[in-house]
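Observations on the model geometry
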Amino acid sequence: MMRNATHLRRCAAALVLIVALAAGALAEPAVTVQSVVIDTPILVVDATATPEAPQPTLPPMQESFSALYAENPDVVGWLEMAPNIALPVVQRDNSFYLDHDFYGNSSVSGALFLDSRNTLWPADTHMAIYGHNMKNGSMFGSFNNYRKLSYLQKNPLVTFNTIYADARYVPFALFDASMTKEDPNYFRLVQFNFDEEHPFDAFLEDVRSRSFYNIPVEVGEEDSLLSLVTCSYSMDNGRFIILCRKLREDETPEQMAELVQQATEN
């Protein structure tokens, strides 16, 4: 939890400079906001670079999002998980929705938002959604419940429907990590696609080794991943991350839920 207004202003300035997530607490007894800071590589412009390829043609937006889109054209999806999370997901920059709600009103709770660097269509291999860890349980304020294996087993699936397609996900790694590069627990969250420099296998091995639980869900390079990110104060500049894998076409929610029942503590 942010301790005072000075800390809040310092955090806000850092967010604008390094594209970060989530927030600080106002001095209200009933609401606590925790913050997320994401490392951002420096953009270098190469004057000799070739022009970018034409953007792909986007599919039509799903009719189910028409009403939400009319309220806010920043909407990109809808997230459901556990008993109390059923919220729209927006995408703009990585700062506006830290302290504005879905309707654009000033709000300490902010809104759930997709990382501004993520591409929704065609979708990146790995996407990240950020939300405040609110003491009153709103946004991602119930995430600490997932530190109990029994809670994960009762709530084994995540739904993230985008404006273009519906999808279900299953958690396969849950862990705390630091966003401070010098910290031994540092984790480079902003790996949205993988290559020889940042191989998928190394990423997967890393997150599996960090996870509180051993969840027997198979994950491969062709899978789509989703990180749900909020604050953690178990370490310096900490984040609590629930990393999920999209269900494959030949899998059912019941099958994946059964695999989560087989999870054990690491």
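This write-up is about the structure you can find in this document. (Residues numbered from 1 in each chain as written. Predicted model: local features only at pLDDT ≥ 70, side-chain atom pairs only at ≥ 80, totals over all residues. Heavy atoms only, no water.)

A few points about the nonpolar core
- Counting residues in each nonpolar core, the largest one holds 69 residues, and the members touching the most others are Leu79, Ile129 and Leu228.
- At seven residues, the largest contribution of residues to this core is made by strand 6 (residues 168-178). (Core = buried A, V, L, I, M, F, W, Y, C linked by side-chain atoms within 4.5 Å. Buried < 20%, exposed > 50% of the residue type's maximum accessible area, 1.4 Å probe, protein only. Helix = DSSP H or I, 4+ residues; strand = E, 2+ residues; numbered from the N terminus.)

Examining a negative patch on the surface
- On the surface, a cluster of negative charge is contributed by Asp201, Glu205, Glu221 and Glu222.
- Along the chain, Asp201 turns up in helix 4 (residues 200-210).
- The exposed category is assigned to Asp201, whose relative accessible area is 56%. (Patch = residues over 30% accessible without salt bridge, like charges linked within 9 Å, V, L, I, M, F, W, Y side chains within 5 Å. Areas by Shrake-Rupley, 256 points an atom, 1.4 Å probe, with all protein chains shown as cover. Salt bridge = Lys/Arg side-chain N within 4 Å of Asp/Glu carboxyl O. Lys, Arg positive; Asp, Glu negative; His and termini not counted. Charge placed at Lys NZ, Arg CZ, Asp CG, Glu CD.)

Some words on the side chain of Thr159
- Relative to the elements of secondary structure, Thr159 occurs in strand 5 (residues 158-162).
- A polar contact is formed between the side chain of Thr159 and the side chain of Arg168, at a distance of 3.0 Å.
- When residues no more than four places from it in sequence are discounted, the contact partners of Thr159 are Trp78, Leu79, Glu80, Ala167 and Arg168. (Polar contact = N/O pair within 3.5 Å; in protein donor to acceptor, adjacent residues only side chain to side chain. Contact = heavy atoms within 4.5 Å.)

Some thoughts on the environment of Arg147
- Looking at where Arg147 falls in the secondary structure, it is placed in the loop between strand 4 (126-130) and helix 3 (149-154).
- A sequence separation of 66 residues divides Arg147 from Tyr213, and the C-alpha atoms of the two residues are 9.3 Å apart.
- Beyond its immediate stretch of four places on either side in the chain, Arg147 contacts Asp176, Phe212, Tyr213, Ser232 and Phe240.
- Looking at Arg147, its side chain comes within polar contact range of the side chain of Asn144, at 3.0 Å.

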